[in-house]
Amino acid sequence: ESARVNLLTYTSRLENFTGTRSTLSMDSALAPDGSLTATKIVESTEDGRHDVYYLTLTGRPGPCVRSIYIKAGERRYFYIVETYWGRYTYFDAVTGILRNVSGVEYFSAEDVGDGWWRVSIAATNDFPYINLFVTINRDDSFNGGVVDSYAGDGASGFYMWGDQLEIGTTATPYQAILTDGSSY
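A short tour of the structure in this document, coming up.

Here's the deal with the overall build of the protein
Then, in step 1: Counting its secondary structure elements, the protein contains zero helices and 14 strands.
Then, in step 2: Helices and strands in the protein line up, N terminus first, as β-β-β-β-β-β-β-β-β-β-β-β-β-β.
Then, in step 3: Out of the 184 residues in the protein, the part that is buried amounts to 49%.
Then, in step 4: For the protein, restricting intrachain contacts to residue pairs at least 6 apart in sequence, the fraction spanning at least 24 positions comes to 71%.
Then, in step 5: About 8100 Å² of surface is accessible on the protein, with carbon and sulfur atoms providing 48% of the total.

Okay, structure coming up:
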């Protein structure tokens, strides 16, 4: 068994994420590893921004990188924010294009096949945490730092899987932590 790299817990099904005007439907699609563990994020019918987030402390000094896999569903455009330093980007989950990036050196997107992208946010400073927010945008009219606010349809959404936080400046291969991590 290899050493634990991923500092997060319950990383495949995204059980630590919380939705704002959105719900998380666990085990609703095939993940990049072929398992039925990807989570669909579904917008509610409420008016406002529709997002998911997971706030976490790294608990460790030094540079770190956060990565997550994203796949378009009925929605393909996203506003992704790291909240500690306020770095953000707009992401198109069909083309993989990152636009209007605040801190361009910190974000990257890697095509991992079957419509999935691994989006990474690297922090070169000593961050006490990297908090991740992913907000749905209905179209590609991206405007720096502005999120889309609308009444959702209650069915449209996108897919996420494989959250990872690790020490370093480059994302390493994904390491699933299926429990609270105490038995890894």
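There's more to say after this.
Section: the pairing of strand S8 (residues 87-92)
Then, in step 1: Here S8 lies mainly inside the structure; six of its six residues are buried.
Then, in step 2: Of the two faces of S8, the one holding Arg-87, Thr-89 and Phe-91 and the one holding Tyr-88, Tyr-90 and Asp-92 are both buried throughout.
Then, in step 3: Examined bridge by bridge, strand S7 (residues 77-82) and S8 share six bridges and lie antiparallel to one another. Residue Glu-82 lies in a different strand from S8, and its bridge partner there is Arg-87.

What about the sheet that holds strand S9 (residues 98-99)?
Then, in step 1: Reading across the sheet, the six strands line up as S1-S5-S12-S7-S8-S9 and stay open at both edges, with antiparallel pairing between neighbours. Taken across any chain shown, the strands that pair with only one partner, and hence form the sheet edges, are strand S1 (18-20) and S9.
Then, in step 2: By the bridge criterion, six bridges tie S7 to strand S12 (residues 132-137) in an arrangement that is antiparallel. Within S12, the residue paired with Ile-80 across the bridge is Val-134.

So, the nonpolar core
Then, in step 1: Within the largest apolar cluster, 27 residues are counted, with the highest numbers of intra-cluster contacts made by Ile-70, Phe-78, Ile-80, Val-134, Phe-158 and Met-160.
Then, in step 2: Those elements that provide at least two residues to this core are strand S5 (51-54), strand S6 (64-72), S7, strand S11 (116-123), S12 and strand S14 (157-167).
Then, in step 3: Those residues in contact with Phe-158 that lie beyond four places of it in its chain are Thr-39, Lys-40, Ile-41, Val-52, Ile-70, Lys-71, Ala-72, Gly-73, Arg-75, Phe-78, Val-134 and Ile-136.

Things to note about the packing of aromatic side chains
Then, in step 1: Counted according to the given criterion, the structure contains seven aromatic pairs.
Then, in step 2: Pairing Tyr-79 with Tyr-90 gives two aromatic rings, centres 4.9 Å apart and planes at 40 degrees, and the pair type is tilted. Taken together, the positions of Tyr-79 in strand S7 and Tyr-90 in strand S8 put the pair 11 residues apart, joining distant regions of the chain.
Then, in step 3: Relative accessible area serves as the criterion here: at 8%, Tyr-79 is assigned to the buried category.
Then, in step 4: For Tyr-90, a relative accessible area of 0% corresponds to the buried category.

Cut-offs used in this document
- Residues numbered from 1 in each chain as written.
- Predicted model: local features only at pLDDT ≥ 70, side-chain atom pairs only at ≥ 80, totals over all residues.
- Heavy atoms only, no water.
- Helix = DSSP H or I, 4+ residues; strand = E, 2+ residues; numbered from the N terminus.
- Buried < 20%, exposed > 50% of the residue type's maximum accessible area, 1.4 Å probe, protein only.
- Contact = heavy atoms within 4.5 Å.
- Areas by Shrake-Rupley, 256 points an atom, 1.4 Å probe, with all protein chains shown as cover.
- Pairing = 2+ DSSP bridges.
- Core = buried A, V, L, I, M, F, W, Y, C linked by side-chain atoms within 4.5 Å.
- Phe/Tyr/Trp six-rings, centres within 6.5 Å; stacked < 30°, edge-to-face > 60°.

Treat this as a map of the structure, not an account of what it does.
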